[in-house]
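For reference, the chains in residue letters:
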Amino acid sequence: MGMLDLVQNETIKILRRRRFLVILLILAILIPIFTYAQYRSVLTAQEQMGTSDWRALLQQKIVDTQNRLASSRLPEEWREFLKITVQQQQYYLDHDINPMAPGAPTFARGFMDQAISLFLPMIIVVLAVDLVSAEFSEGTIKLLLTRPVRRWKVLTSKYVTLLLFTSLTVLMTLILAALISGVVFGYAGWDMPVLTGFEIAGGELETAGVFALPQWKYLLMQYGLGWFVSVVVGTITFMVSVLVRSAAAGMGIMMAALISGAILTQMASSWESAKYLFVVNLQLTDYLAGTLPPIKGMSLPFSLTVLTVWGAASLVVAYAVFIKRDVTS
Amino acid sequence: MTETVLSIKGLRKQMGGKPIIKDISFDVYAGEVFGFLGPNGAGKTTTIRMLVGLASADAGEIHIGGISLHKHFPQAIAQVGCIVENPELYKFMTGRENLEHFARMSGGISRERIEEIVRFVDLQRAIDDKVKTYSLGMRQRLGIAQALLHNPKLLILDEPTNGLDPAGIRELRQFIRRLAEEEGLAVFISSHLLSEIEMMCDRVAIIGKGKVISVGLVKDLMEQFGDQVEWSVSPETTEAASRILRALPFVEEAVASKEGRIMCKMDTERIAEANRTLVLQGIAVLGIAAKTVTLEDLFLALTTEEGGAEHGHAGPGAK
Ligand SMILES: Nc1ncnc2c1ncn2[C@@H]1O[C@H](COP(=O)(O)OP(=O)(O)O)[C@@H](O)[C@H]1O
Ligand SMILES: [Mg+2]
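Reading the values: the criteria
- Residues numbered from 1 in each chain as written.
- Chains lettered and ligands numbered in written order.
- Predicted model: local features only at pLDDT ≥ 70, side-chain atom pairs only at ≥ 80, totals over all residues.
- Heavy atoms only, no water.
- Helix = DSSP H or I, 4+ residues; strand = E, 2+ residues; numbered from the N terminus.
- Expected span 1.5 Å × (residues − 1).
- Buried < 20%, exposed > 50% of the residue type's maximum accessible area, 1.4 Å probe, protein only.
- Arc of directions from axis to C-beta.
- Contact = heavy atoms within 4.5 Å.
- Salt bridge = Lys/Arg side-chain N within 4 Å of Asp/Glu carboxyl O.
- Pairing = 2+ DSSP bridges.
- Axes fitted to C-alpha atoms, helices over the stretch in contact; angles between N-to-C directions.

Observations concerning helix α3 (residues 54-70) of chain A
Residue and element names in this part refer to chain A.
Here's step 1: Under the 1.5 Å per step criterion, the end-to-end length of α3 is 25 Å for 17 residues, consistent within 8% with the ideal 24 Å.
Here's step 2: For α3, every residue scored as buried is listed here: W54, L58, I62, T65 and L69. Summarising the axial view, the buried residues of α3 lie within an arc of 75°, below the 170-degree limit, and thus occupy one face. Exposed side of α3, more than 90 degrees from the buried face: N67 and A70 are the residues found there.
Here's step 3: Check the buried side of α3 and you find it contacts α4 (76-94).

Structural data, given as structure tokens:
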């Protein structure tokens with residue numbers, strides 16, 4: 001009757017329903033496709049440059065930047081930013097890294113940038129959407145609620161299991177992205193410096209605080225943010241699973257929400273209050289990479305707050321409804 | 001004094017704005033099979049849902065083994081095993097995995113106990129197959145195994161014979177009698193068939209439109225409303241025939257309903273004996289029809305009786 005026993009039950013059910021297997025399969029099919037696409041674009045880029053001598057090209061870039069630094073009319077903070085850029089490019093040269101042809105860690109970084117707002121949330125939805133509703137539609141909820149376990153405990157065991165598998169999913173995304181892409185691109189580049197520390201002030205990108213981070217550290221931060229997004233999307237899906245009995249309906253609701261979020265973000269909306277929607281706040285890695293947010297007034301702390309509030313509210317609703325609701329039919 | 005395992009007082013529930021359960025009270029004792037009899041839509045399943053914690057009551061009290069279900073849900077429900085409507089199981093898991101899942105929710109159940117219960121319901125051969133390959137009868141047995149796994153004091157079954165063939169029903173009946181008589185369980189069974197309750201139960205509560213109409217011994221009920229036999233005789237001998245029938249020790253009542261027709265309250269197994277007596281006394285018997293009382297007849301009789309008063313005595317099941 002302990003929580004551990006209940007979590008064990010839920011874990012066995014997720015595994016027996018082959019939910020996690022499906023997710024691993026989706027990753028194992030999609031990552032090679034993206035790897036190949038990346039590989040083609042590297043080839044194209046090299047063809048356009050005529051030769052594939054990226055070293056000469058990079059050397060030229062460094063010289064250009066240094067020339068600009070020599071002129072004294074530059075503002076101080078801009079000068080700092082350029083210096084760090086030069087350091088980064090110099091690192092590529094010294095360590096023989098072609099920035100156009102990424103290694104496994106660079107691929108994994110690009111993959112999370114792309115996956116965080118739609119692909120990753122979608123596979124979390126697959127994991128969470130029938131966690132509760134399947135028990136209702138299959139009638140097995142009667143087995144769970146007629147045992148000497150309080151309802152809040154039953155729901156908590158399901159939520160804990162969801163958190164467990166969400167974390168595993170994010171971890172497996174990183175592992176599979178690195179492992180599979182490395183076959184083509186090699187496994188180098190973990191220490192490669194990546195620029196971060198951008199800040200947004202008054203709708204402009206501030207480069208004053210920019211610094212270079214070893215790529216492995218950057219990856220940890222990035223996948224940490226990916227994990228956070230996954231937990232919030234998982235929590236909201238969990239609530240939908242409590243409220244909606246049909247898995248198909250739940251899936252429809254979540255997919256519609258995520259896709260409209262992607263569209264709203266693209267529209268660089270002038271509708272400012274859209275920034276309070278959770279679906280517009282999923283692209284957390286953009287704050288690390290220094291891309292301007294889709295709507296004015298958004299920042300990393302802002303997005304984290306919005307997501308936390310949505311997640312917490314979903315949990316409250318899920319518990320309140322699950323504990324009070326009569327089980328009929 | 002027999003132990004009261006289940007006690008219900010003044011249970012009420014509204015659903016969709018309509019009162020569905022209006023006032024239900026009765027007690028169930030250890031070692032008895034208690035029938036919960038009522039037509040479809042009477043509120044049997046709704047009542048059972050409240051008994052097992054699936055739905056909350058608007059008013060009234062439920063005590064299981066003396067513990068309030070509302071106040072101490074885990075302790076109270078730990079003493080209950082149930083199948084509400086169909087035995088719902090995880091079809092994508094094996095029978096054994098289902099029992100293990102259930103054991104982990106109940107706590108303190110050993111591997112040996114699982115083996116024991118599997119033997120008890122005779123599922124040894126199929127226990128490691130996925131439940132989706134089971135027949136309905138096998139699912140029913142796994143459902144019962146699941147309901148009995150934690151040695152409950154009270155077993156609640158909602159229309160358990162639904163979907164079973166006659167052989168399955170006979171088997172279930174023997175099984176339930178054995179549980180009550182040998183293991184001392186209180187078994188609570190709902191049904192809409194009087195014949196089923198008559199065969200399985202010691203006592204019965206009759207429910208209609210969310211109200212208990214009558215609680216008492218099945219034996220008393222059947223004596224009061226039991227089998228009737230309709231005799232057809234030649235009209236001019238109606239009086240004489242009634243007198244002869246009434247004189248027989250096993251005939252409780254003999255009423256001439258119209259010319260040539262006599263309604264008898266009597267055991268149908270003694271029709272031949274009564275017939276012989278009539279024939280020997282020179283009555284020409286034209287026809288004999290045994291009428292088994294149905295739930296509808298019973299309802300009619302009980303509800304037209306003033307206020308639908310209790311019949312018999314509602315005391316502990318005397319055996
Ligand atoms: N969710 C519900 N909302 C409103 N009325 C309901 C609901 N479920 C059942 N009922 C009504 O409650 C009554 C009792 O149903 P039920 O307990 O299933 O009867 P039984 O099990 O005796 O056949 C029926 O008239 C049914 O229409
Ligand atoms: Mg019913």
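Focus on the pattern of salt bridges
Here's step 1: Applying the stated rule across the entire model yields 22 salt bridges over all chains.
Here's step 2: For the salt bridge of E159 of chain B with K44 of chain B, the shortest nitrogen-to-oxygen distance reads 3.5 Å. Taken together, the residues span a long stretch of sequence, with E159 of chain B in the loop between β7 (154-158) and α6 (166-183) and K44 of chain B in helix α1 (residues 44-51) at a distance of 115 residues. Comparing E159 of chain B with K44 of chain B shows no difference in burial state: the two are buried.
Here's step 3: Connected through salt bridges with shared partners, the residues E10, K13, E135 and K158 of chain A form a single ionic network.

Some words on the sheet that holds strand β13 (residues 261-266) of chain B
Residues and elements named next belong to chain B.
Here's step 1: As summarised here, the arrangement of the 4 strands in space is β12-β13-β11-β14, forming an open sheet in which the pairing is antiparallel. Each having just a single partner strand, β12 (251-258) and β14 (285-291) make up the two edges of the open sheet. Recorded for the sheet is a direction-independent mean angle of 20° between the axes of neighbouring strands.
Here's step 2: Docked against the sheet, helix α10 (residues 271-280) engages β11 (228-233), β13 and β14, running at close to 160° with respect to β14.

What to know about unusual backbone geometry
All names here are of chain B.
Here's step 1: Notably, E85 is not glycine yet its phi reads approximately 55°, a positive angle.
Here's step 2: Tracing the backbone through its elements, the reader meets E85 in the loop between β6 (80-83) and α3 (95-106).
Here's step 3: Judged by its relative accessible area of 33%, E85 is partly exposed.

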